[in-house]
Amino acid sequence: MSVPHEALDFERPGLFQRILLRDWAYMALVLAVAVTAYAMYGHMMDRYDTGGLILAAGMSAWLGWFWRSWQLFSIIVAALSLFGVWLYGDDLARGESVFWLNYIGSGQAGVMWMSVMVYLSTVAYALGLFTRSDFPYRVGAAFAWIAAGAGLMALMVRWREIYLHDPSWGYIPVANLYEVFVLMVAMIALMYLYYEQRTGQRGMGAFVMLVVAASTTFLLWYMFDRDAHLVEPLVPALNSWWMKIHVPTNFVGYGGFAIAAMLGVAYLVRHRMERTRPDSRVLARIPGKDALDGVMYKSIAIGFAFFTIATVLGAMWAAEAWGGYWTWDPKETWSLILWLTYAAWLHMRFTKGWRGPVMAWWAVIGLFVTTFTFLGVNMFLSGLHSYGEL
Amino acid sequence: MADHHSSAGKSENPSPSGSSSSRGQARPPRRSRILVEFLGSMNLAITLLVALAIASVIGTVLVQNEPYTEYLIQFGPFWHEIFAGMGLYQVYSATWFLLVVAFLVVSTAVCVYRQAPGILKDLRRYNLQVKEKSLRSFPSSASGELDQSQEDFLAHTRRVLKAQGFRAREKTRDGETVVAAMKGRWNRLGYVLTHVGIVVICVGALVDGQFLLKVNEWMGNVEIETRSIPESQVPEISRVPVSNPSFRGSVEIPEGASANVVFLPVREGYLVQDLPFRVELKEFRIERFSTGAEQSYESDLVIHDPERDEPYETTISVNDPLIYNGYAIYQSSFADGGTRVEMEAVPLGPGALRGVDFPGRVFDEREIPTPDGRQLTLEFIDFSKVNTQRLLDEEGEEVNVFLGPRVDMRLVDETGAGLYYRNYQNPIPQEGAKYFLSGVRESPAQEFSYLFIPADADDSMDRFRTYLTMLHDPEVRMAVAERSARNSGDLMGGEGGQQAIARTVAMLMQTFAEGGYPAVDAAIEERIPEGQREQMGGLLFQVLNAGLQSLYMEVLEEEGVVAITEAEQRWLEDAVSAINAIHFYGSPYFFRLDDFEHREASGLQIAKAPGESTVYAGSLMLIIGIFLMFYVSYQRVWVMARPADNGTGTQVVMAGTSNRHRVEFEKRFAHLKRWIIEQKNVGDSDTTDSASSKNE
Ligand code: HEM
C-alpha cells in the first residue's frame with residue numbers, strides 16, 4: 001500500500017535546490033545591472049550611495065526569489081524607467097516634445113496612468129463581486145499590476161526630472177506628500193497582489209482597491225488643486241540619507257495597516273451578511289472569515305514590523321538632524337500612538353485570544369489613526385515635520 | 001472564539017497535559033504574589049497602553065510649551081488653571097505621565113520576569129508525558145493503524161520530522177512510544193527580546209529624560225528663570241552645573257562671539273546649563289538654491305576646552321553634527337546676530353528731504369523725537385538679507401521674486417503701545433512699476449498692511465520726497481495753486497475769481513497733505529451745505545487733483561523731464577495714494593534702510609544623551625524580537641505509537657499545535673499526517689496546495 005520511504009516527498013529540498021534556473025538568471029541580471037551602474041557612476045557615489053545600491057540590488061534579488069512575480073515586474077518597470085530617463089537626455093523640455101514622455105513615460109504622465117488603472121482595477125474587482133466568473137477579478141489584478149508599475153516608473157523618472165530641473169535640488173522623490181502618495185498607492189497595490197497570489201482569495205481586491213482608489217483621489221485633488229506635483233527644493237533637514245530608507249519603510253507599515261483595515265471591512269460585511277442575507281450570491285464571493293482574519297493578521301504583522309523599524313530609523317535621523325532622538329514632535333507622538341494601537345491589537349489577539357468583529361473594527365479604526373498620523377498631523381498640528389503641509 | 005492556539009501565549013507551555021499551569025496553585029497567594037500578578041497582568045498592560053496613547057493625543061492637540069499668557073488668552077482663567085494644574089501644557093514631563101510610563105515599564109518587566117523562566121524551560125521540555133486523550137482533543141490531530149512494525153514506523157517518523165526541521169525526543173513506557181518534536185524555538189525567544197527591548201528603551205530614555213533636574217526642582221535646589229535677562233545676570237539657583245548627566249538645550253551664538261552655556265527650556269521659563277568648554281562661532285554660512293530657499297547651513301566652530309592644549313576647529317551643518325566628548329553639537333537654526341543697520345529717518349511730512357541718519361543694531365533700541373515733540377523709541381527686531389517670494393506669472397509659470405534685504409522694527413510710544421514695521425531696502429517690482437515697501441501691523445499675529453511708495457526712474461525715493469516736501473510747503477502750494485487757477489482761469493471769469501480758486505486749491509492741497517482724502521471729505525462736509533455737496537464735492541476733488549498734478553509738473557520740470565509718459569502719470573497716482581495712506585501708517589517717519597553690515601548668529605542645539613546607545617540597543621532587540629515572533633513559527637508535534645491490538649501493526653495518534661497562523665498550521669499538519677500516517681506523497685494528493693513550497 002505505501003510507497004517506499006525513500007520516494008516520499010517530505011525531504012525538504014535544500015536552499016540551492018529551491019532556487020530555479022530563472023531565479024538564478026534574475027539574480028544574475030540584477031547583479032549585472034548593479035555592477036554596470038557602479039562601473040558607470042561609481043565615481044560619483046559616496047559610501048552611502050554605494051550602500052544604497054547594494055541594498056537595493058540585494059532586496060530586489062531576494063524579492064525576486066521570494067515572490068517570483070516580482071522578477072518580470074521589476075524588469076519591466078526598470079526598463080520603462082530607463083527608457084524614460086534616456087529619452088529625456090539632458091533636457092527637461094523633451095518632456096513636452098517627445099510623444100512617449102508627454103503621454104506615457106514622464107513622471108507626471110505615469111502618475112496619470114497609475115490613477116486611471118487604479119480606478120479600472122477597483123471597478124473590475126467590484127464587478128467580480130457580482131458575477132460568478134473570476135474573470136473580472138483577473139482583469140482587476142492585471143490593472144492593479146499596471147497601476148503599481150506605472151506608479152513606480154513615474155517615481156523613477158521623476159527622480160531624474162528633479163535633477164534636470166536643477167542639479168543642485170536633486171533628491172529622491174519621497175520627500176513631499178505628492179510623491180509619498182504615489183509610493184503608497186503602488187505599495188498597497190503590490191502588497192495586496194502578493195497576498196492575493198499567496199492565498200488565492202481574489203475577492204479581497206474589491207475591498208482593498210477601494211482604499212487605493214481613495215488615496216488616488218486624494219492624490220489627484222492634491223495635484224490639480226494645489227499644484228503639488230511641481231518640483232520644489234528640499235528644506236535642509238530633509239536632505240539626508242536617512243530619508244531614503246525611513247520613508248519607504250514607513251509606507252510598508254502604512255500599506256499593511258491599510259490592507260488590514262479593508263479586510264476588516266470585508267470581514268464586517270461578511271459577518272453581517274451571514275446573518276441578514278445568508279443566501280446572497282455576493283456573500284459567496286467574499287472570502288471566508290478565517291481567510292480574511294489570517295491575511296488581516298499577516299498584514300498587520302508586516303505593517304507593525306516595518307513601522308517599528310521606520311520609527312527607530314526616524315528616531316536615529318531625528319537624533320542627527322534635530323539633536324534628539326525623541327522630542328515629542330506631533331509626528332513622532334502620533335507614530336507612537338499608532339504603534340501602541342497595533343501593539344494592543346496584537347496582544348488582544350494573542351494573549352486574550354480575541355477574534356471576530358471586534359478585532360475587525362479595531363483594524364478599521366486603526367486606519368483612521370494611520371491616516372491621521374500620515375496626513376492629519378501635517379494638516380492640523382504644527383511640528384518639525386515641515387514637509388507636505390496641505 | 002478563543003481556541004487553543006490563541007490561548008497558547010497565556011499558559012507558559014502549549015502543552016495539552018496542563019501540567020505546568022498547575023504549578024504553585026495549591027499554595028495560598030502571598031501579598032507580593034498578588035502584586036506581581038497585578039503588575040504583570042495583560043489588563044493592566046492594555047490599560048496603560050491606552051492611557052499612554054490618550055495622553056499622547058492630548059500632547060499633540062494642545063500645543064505644548066507656549067508662553068502661559070497665550071494659554072490664558074486661549075482658554076480663559078478658569079480652564080487655564082485646571083489645565084496648568086494637570087500639567088497639560090507639558091504633558092510629556094507631567095508627573096502623572098511619567099508615572100504611566102514607569103508603570104508600563106514595571107508591568108512589562110514583571111511580565112517578562114514571570115514568563116521568561118517558563119519560556120526558557122519550555123524550550124527544553126518536550127512534554128513526553130502527554131496522554132492519548134489530550135492528543136485526541138487537539139484541533140489538529142489524527143490517528144490511524146498501520147501494518148508497519150512499531151520500529152519501522154518510528155524510524156520513518158523520525159526521518160520525516162528531522163527532514164521537516166523538527167527536533168525530537170522520545171520515550172517508551174509499557175511498549176508505548178511518544179515522540180515529542182518542536183521547531184521554531186526562536187519564536188519564543190522573540191517574546192523575551194521584544195519585551196526586554198521595550199524595558200531597555202524606556203530605561204535609556206529615562207536616563208536621558210531630565211529626571212534628575214526634576215528631582216532637584218522638587219527639592220528646591222533649582223528654580224526656573226522666567227525673565228529675559230542677559231545670561232550673566234541669571235542667578236546661581238537657575239544654573240545647572242556641568243555635572244548634570246543629560247540635557248538638551250540651545251543657544252544662539254553671533255559670528256565672532258562664543259558661549260559656554262546653553263539654555264534649557266523648562267515650562268514657562270528656562271535654566272542655564274554650564275558647559276565644560278566654550279564654543280566660538282567663527283563664521284556662519286547659508287547655501288541657497290536658485291530660488292533663494294536655503295539648501296543648507298553650516299557653522300565654523302572653535303571649541304576652547306581647558307583640557308586641550310589647542311582649540312579644536314570644525315564645521316558642522318544640518319544633518320552633520322559634531323560629537324565632542326559625549327556632547328553632541330547640532331546645527332539647528334540661524335538668526336540675526338546683531339546686524340548693524342544704517343537707517344535714515346525720513347519725515348513723512350514737512351522736511352521729507354531732510355532725513356536724519358539713524359544707525360542702529362538689531363536687538364538694540366533708540367529713541368527718536370517726533371516733529372510734534374513726543375518721544376518715541378525704535379526697537380530693531382530683526383534683519384534678513386535674502387527674501388524671496390514665489391509667484392505665478394501670467395502664463396502660470398513659477399517665478400521667484402527677490403525682495404532684497406529687509407529690517408523688522410517696532411515703534412513704541414511713551415505708553416508702551418506700538419506698531420510693528422517691516423521695511424525693504426530695495427524697490428520691489430509690482431505690476432510693472434517699482435515700490436518701496438513698508439509693512440505695518442499691530443501685533444505679530446496679524447498680516448502686514450503695506451505702504452507702497454513709488455520709486456522714481458533712478459530707483460530712488462527722491463522724487464517722492466521732493467513731491468512730499470513741496471506739498472507741505474505753503475509757498476509752493478500757493479504758487480502752484482495760482483498757476484493751476486490761471487490755467488483754468490478763463491472758465492471762472494476774472495482776476496477775483498482766479499484768486500478765490502487759487503486759495504481754494506491751496507487750501508485743499510494743504511488739507512490733503514495733512515490728513516489725506518478723509519480730511520478733504522470732512523472739510524467738504526463741514527463747509528458745503530448738503531444740497532450742493534454732490535456737485536460741488538466732485539468739482540472740488542477735480543480741482544484738488546488738478547493742483548496735485550500741477551505740483552507734479554513743477555517737480556518734473558525741476559528734474560528736467562519734458563514729455564510725460566504713461567509711467568510718470570502712474571507714478572503720480574501711486575504717490576497720491578501713498579500720501580493718502582501715510583495717515584493710516586502710524587509712524588511720522590519712514591525708516592529707510594541705507595546700508596548694513598550683516599552679522600548672523602548660528603542656532604546650536606547641544607545635547608548630552610548618555611542613554612542614546614541604550615535606546616538603540618533596546619530598539620534593535622525589539623526589532624529582532626518582533627521578527628522572530630512574527631516570522632518564525634513555533635510548532636510542536638507529538639506522535640504516539642504502540643503495537644496494534646491484533647499484534648502485527650502499529651496504532652498511531654498524532655497531534656500538533658502552533659502559537660500562530662492557525663490556517664497554515666492546519667495545512668502543515670495535514671502534510672505531516674500524510675507523510676507519517678498515510679505514508680503518501682503530498683504531491684499525489686488530490687487536495688494539492690502550496691504549503692510546502694512558498695515559491696508557488
Ligand atoms: C509597550 C509595551 C508592549 C509592546 C509594544 C508589546 C509588544 C508585543 C508584541 C508586538 C507582541 C507580539 C504579538 C504577536 O504574537 O504577534 C507581544 C506579545 C505578547 N506580549 Fe507584549 N508588548 C508590550 C507589553 C507587554 C506587557 C506589559 C505584557 C505583560 C502583561 C505583555 C505580554 C505579552 C504576551 C504574553 C505576548 C504573547 C507572547 C506569545 O506567546 O507569543 N506585553 N507583545
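In this text the structure is predicted, and so the values were computed from the model without any measurement. (Residues numbered from 1 in each chain as written. Chains lettered and ligands numbered in written order. Predicted model: local features only at pLDDT ≥ 70, side-chain atom pairs only at ≥ 80, totals over all residues. Heavy atoms only, no water.)

Draft legend 1. Structural detail: the coordination of the iron atom of the ligand. Within the protein, A:His347 (NE2) and B:His195 (NE2) serve as the donor atoms for the iron atom of the ligand, at 1.8 Å. One can describe the site at the iron atom of the ligand as octahedral: its 6 donor atoms subtend angles covering 83 to 180° at the metal. On the criterion of chain membership, the pair formed by A:His347 in helix H14 (residues 330-350) and B:His195 in helix H7 (residues 186-208) is interchain, its members lying in two chains. The exposure class of B:His195 is buried, given its relative accessible area of 10%. (Donors = N, O, S within 2.8 Å, 3.2 Å for Na, K, Ca; no water. Tetrahedral: all angles 85-135°; square planar, octahedral: opposite > 155°, others 65-115°. Helix = DSSP H or I, 4+ residues; strand = E, 2+ residues; numbered from the N terminus. Buried < 20%, exposed > 50% of the residue type's maximum accessible area, 1.4 Å probe, protein only.)

Draft legend 2. Main features of the domain arrangement of chain B. Residues and elements named next belong to chain B. Domain parsing of chain B yields domain 1 (1-16 + 27-125 + 186-210), domain 2 (128-184 + 633-696), domain 3 (219-245 + 247-337 + 601-608), domain 4 (340-461) and domain 5 (467-592). For domain 3 versus domain 4, the distance between C-alpha centres works out to 32 Å. If you look at the interface, domain 3 gives 6 residues, while domain 4 gives 9 residues. Between domain 3 and domain 4 the total buried area reaches about 570 Å² when both faces are included, carbon and sulfur atoms providing 53% of it. At the junction of domain 3 and domain 4, the tally comes to 0 salt bridges. Applying the counting criterion to the domain 3 and domain 4 interface returns 0 residue pairs in polar contact (both at pLDDT 80 or more). (Domains from an automatic or database assignment. Contact = heavy atoms within 4.5 Å. Buried area = accessible area lost by both parts, 1.4 Å probe. Salt bridge = Lys/Arg side-chain N within 4 Å of Asp/Glu carboxyl O. Polar contact = N/O pair within 3.5 Å; in protein donor to acceptor, adjacent residues only side chain to side chain.)

Draft legend 3. The sheet that holds strand E23 (residues 589-597) of chain B, seen in detail. All names here are of chain B. Overall, antiparallel pairing links the 3 strands, which are arranged E13-E12-E23 in an open sheet. Of all the strands in the sheet, the pair left with one neighbour each is strand E13 (356-361) and E23. Strand-to-strand twist in this sheet, taken as the mean axis angle between neighbours without regard to direction, amounts to 30°. Sheet topology note: the strand E12 (residues 340-347)/E23 ladder contains 8 bridges and is antiparallel. By the bridge assignment for E23, Val341 is matched with Phe596. (Pairing = 2+ DSSP bridges. Axes fitted to C-alpha atoms, helices over the stretch in contact; angles between N-to-C directions.)

Draft legend 4. How the structure looks around the nonpolar core. By size, the foremost hydrophobic cluster in this structure holds 158 residues, and its most contacted members are A:Met243, A:Phe251, A:Phe304, A:Trp345, A:Phe374 and B:Phe630. If one sorts the elements of this core by residue count, helix H9 (residues 177-199) of chain A sits on top with 18 residues. Among all residues touching A:Trp345, those that are not within four sequence positions of it are A:Met296, A:Tyr297, A:Ile300, A:Met359, A:Trp362 and A:Ala363. Within the second largest apolar cluster, 62 residues are counted, among which are B:Val440, B:Phe464, B:Met509 and B:Ala578. (Core = buried A, V, L, I, M, F, W, Y, C linked by side-chain atoms within 4.5 Å.)

Draft legend 5. Focus on the interface of chain A and chain B. Contacts between the two partners involve 71 residues from chain A, matched on the other side by 77 residues from chain B. At the boundary of chain A with chain B, total buried surface from both sides reaches about 6,400 Å², with 60% on carbon and sulfur atoms. Looking at the side of chain A facing chain B, the largest losses of area belong to A:Phe10, A:Pro236 and A:Tyr325, adding up to 11% of the total buried there. If you look at where chain A meets chain B, you find 6 residue pairs in polar contact (both at pLDDT 80 or more).

Draft legend 6. How the structure looks around the site of the ligand. Every one of the 27 residues lining the ligand counts as a neighbour, but A:His347, B:Gly40, B:Cys111, B:His195 and B:Arg660 are closest to it. Positioned at a junction of chains, the ligand has nearby residues supplied by chains A and B. A distance of 3.1 Å separates an oxygen atom of the ligand from a polar atom in the side chain of B:Arg188. Here a nitrogen atom of the ligand and a side-chain polar atom of B:His195 are 2.7 Å apart. Secondary-structure elements contributing two or more residues to the shell around the ligand are helix H13 (289-321) and H14 of chain A together with helix H2 (42-61), helix H4 (95-124), H7 and helix H15 (612-631) of chain B. Residue composition of the shell around the ligand, by class: 15 nonpolar, 10 polar and 2 charged. (Near = heavy atom within 4 Å. Nonpolar A, V, L, I, M, F, W, Y, C, P; charged D, E, K, R; others polar.)

Draft legend 7. Layout of the environment of A:Trp362. Residue and element names in this part refer to chain A. Tracing the sequence through the fold places Trp362 in helix H15 (residues 357-380). Placed 98 residues apart in sequence, Trp362 and Gly264 show a C-alpha to C-alpha distance of 8.1 Å. Residues in contact with Trp362, not counting those within four places in the same chain, are Thr341, Ala344, Trp345 and Met348.

Draft legend 8. Seen up close, the sheet that holds strand E3 (residues 176-183) of chain B. All names here are of chain B. Read from one edge to the other, the open sheet built from 5 strands follows the order E1-E26-E25-E3-E2, with strand pairing classed as antiparallel. Two strands close off the open sheet at either side, each with one partner strand: strand E1 (140-146) and strand E2 (167-173). Each strand axis lies, on average, 15° off the axis of its neighbour in the sheet, ignoring direction. The sheet contact formed by E2 and E3 spans 7 bridges and is antiparallel. Bridged to Lys171 within E3 is Val178. Strand contacts of helix H6 (residues 150-163): E1, E2, E3, strand E25 (635-643) and strand E26 (650-658), with the helix running at about 170° to E25, the strand carrying the most contacts.

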